[in-house]
Amino acid sequence: MVVTNATLQATARATFCFGRALRMFVMNSILRLMVAVALAAFTLLMSHAGSLPRTPVLTHEQPPKNGGYTVTNTFHYEGYLWTTIAGERLREGTNDGIGRASRFDFPNAIANSAAETGWVCDGKNKTIRNLTARPNDFAVRTIVGKPGIAGTMDGTNRHTSISLPGGIACENPTLIYFTDVLSNTVRKIDVRGTNYILTTVAGTPGVAGCVDGSDSAAQFFQPVGIVSAGPGKLFITEPTNNTVRAINVSGTNYIVSTLMGSAGTSGKSDGDARVARFNSPWGLAIYSKTNLLVADSGNHTIRMVTFSNNRPIASTIVGSPTIHGQTDGMNNNARFNYPHGIAADPFGNVFVADSNNHSIRKITRVGTNWVVTTIGGLPGIPGFAD
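Quick summary incoming for the structure in this document. (Residues numbered from 1 in each chain as written. Predicted model: local features only at pLDDT ≥ 70, side-chain atom pairs only at ≥ 80, totals over all residues. Heavy atoms only, no water.)

1. Examining unusual backbone geometry
Both trends apply: most residues other than glycine have a negative phi, and most peptide bonds are in trans. With a phi close to 70°, Lys 289 is a non-glycine residue in the positive phi region. Tracing the backbone shows Lys 289 in the loop between β25 (281-287) and β26 (291-296). Owing to a relative accessible area of 78%, Lys 289 belongs among the exposed residues under this scheme. Look at Asn 309: it is not a glycine, yet its phi comes out positive at around 55°. With respect to the secondary-structure elements, Asn 309 resides in the loop between β27 (301-308) and β28 (311-318). For Asn 309, a relative accessible area of 76% corresponds to the exposed category. (Helix = DSSP H or I, 4+ residues; strand = E, 2+ residues; numbered from the N terminus. Buried < 20%, exposed > 50% of the residue type's maximum accessible area, 1.4 Å probe, protein only.)

Here's what the structure looks like:
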């Protein structure tokens with residue numbers, strides 16, 4: 001399993017988080033969080049046409065409109081503005097607060113549950129933080145976990161503990177899931193008014209393995225990526241096991257199964273669940289409502305899992321297995337260097353945190369081809385300049 005600092009200091013999932021600060025990506029008229037740092041990747045994108053809106057809204061990228069950015073060819077846009085919105089570069093801490101007065105310590109994943117609301121896995125602080133857009137800035141507050149204190153305690157608000165939050169996903173504005181990497185579990189946050197109820201739903205704290213089953217009978221080995229595919233359906237990656245797992249909620253039970261990959265066996269082969277293999281799969285995203293995207297980090301590729309009659313089939317859409325690099329281009333001519341975070345919008349745009357390249361890449365489908373362009377960061381050069 002590869003753990004790196006990603007985005008210009010540590011890259012994140014889809015606009016980046018640099019070092020210990022969250023960054024915002026401004027483009028055409030969208031605000032979207034995608035992250036950065038150590039164990040995952042993400043980013044905060046904000047669309048823009050002309051000038052920044054007074055009240056940022058977490059939404060999705062929209063098709064081109066007049067003004068706001070330049071179309072340089074049929075494949076991608078230019079004119080991306082990156083801005084630090086919370087935290088201060090190279091200054092770790094636990095402070096809640098407004099904008100740069102707040103502090104993080106290696107935030108590694110982020111998800112949005114509704115307009116103007118995001119949730120951040122603050123890795124080294126072992127907490128989940130809330131990020132809320134205000135008229136002119138962003139407010140940060142801790143909702144579960146005790147800063148700097150590792151544990152597995154369920155409960156309410158800060159009367160809880162987390163070993164190492166790895167990935168986070170929102171099923172709806174009141175139901176949030178995250179992977180607790182070092183406790184080998186998947187945990188749930190129920191938002192009830194001003195209270196946040198933390199519960200372990202799958203896996204047993206401290207027990208590592210790759211066992212399918214229900215609730216605590218299931219076993220994980222350092223789960224990282226997680227995404228919601230709709231009510232009662234989750235997908236999870238295990239870089240150490242080289243597997244993609246699924247959770248189906250049935251009543252009060254959480255039923256865990258292995259979707260693809262073979263525990264302990266790395267590989268690069270495409271195909272159905274019997275033959276498909278992965279090498280440290282990391283980030284996950286849902287593409288076009290029904291397909292699953294996987295950042296196959298150790299293979300330096302992006303994979304897509306489609307479902308035919310509920311039968312999963314994996315294919316490599318961009319990158320060349322085991323060959324790393326920084327080349328933009330189409331299909332297997334593009335190169336990545338340990339991609340970690342990934343996000344997709346409803347309009348067919350995919351964003352990747354390319355960790356060891358310290359850059360954010362964009363993937364666009366053009367006919368039967370997939371076109372990769374670099375939209376943020378200088379490949380191979382870490383930093384934190386807005």
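2. Points about the pattern of salt bridges
Enumeration according to the criterion identifies 18 salt bridges in this entry. For Arg 89, the salt bridge goes to Asp 386, with nearest N and O atoms at 2.6 Å. Taken as a pair, Arg 89 in the loop between β8 (81-86) and β9 (97-98) and Asp 386 in the segment after β33 (369-376) lie far apart in primary sequence, 297 residues in all. The network of salt bridges with common partners includes Glu 88, Arg 89, Arg 100 and Asp 386. (Salt bridge = Lys/Arg side-chain N within 4 Å of Asp/Glu carboxyl O.)

3. As for the pairing of strand β16 (residues 175-180)
The side chains of a regular strand alternate between the sheet's two faces. Most of β16 is tucked away, with six of its six residues classed as buried. Side-chain alternation along β16 places Leu 175, Tyr 177 and Thr 179 on one buried face and Ile 176, Phe 178 and Asp 180 on a second face that is also buried. Bridge count for strand β15 (residues 165-172) against β16 is five bridges, and the pairing is antiparallel. Note that in β16 the partner of Asn 172 across the bridge is Leu 175. (Pairing = 2+ DSSP bridges.)

4. A look at the nonpolar core
Ranked by internal contacts, the top residues of the largest apolar core, which has 17 residues, are Leu 293, Ile 302, Val 318, Phe 336, Val 350 and Ile 363. Going through the elements one at a time, β25, β26, β27, β28, β30 (339-344), β31 (349-354) and β33 are the ones with two or more residues in this core. In terms of nonpolar packing, the next biggest core, distinct from the first, is built from 16 residues, Trp 119, Ile 143, Val 144 and Phe 178 among them. (Core = buried A, V, L, I, M, F, W, Y, C linked by side-chain atoms within 4.5 Å.)

5. Focus on the environment of Asn 349
Residue placement: Asn 349 occurs in strand β31. A C-alpha to C-alpha distance of 9.7 Å links Asn 349 and Ser 288, two positions 61 residues apart in sequence.

6. A few points about the sheet that holds β30
Within a sheet, each strand pairs with its neighbour through backbone hydrogen bonds, oriented either parallel or antiparallel. Here five strands make up an open sheet; going across it, the order is β29-β33-β32-β31-β30 and the pairing antiparallel. Across the chains shown, the open sheet's two edge strands, defined by having one partner strand only, are β29 (329-330) and β30. Across seven bridges, the pairing between strand β32 (residues 359-366) and β33 is antiparallel. Note that in β33 the partner of Arg 361 across the bridge is Thr 374.

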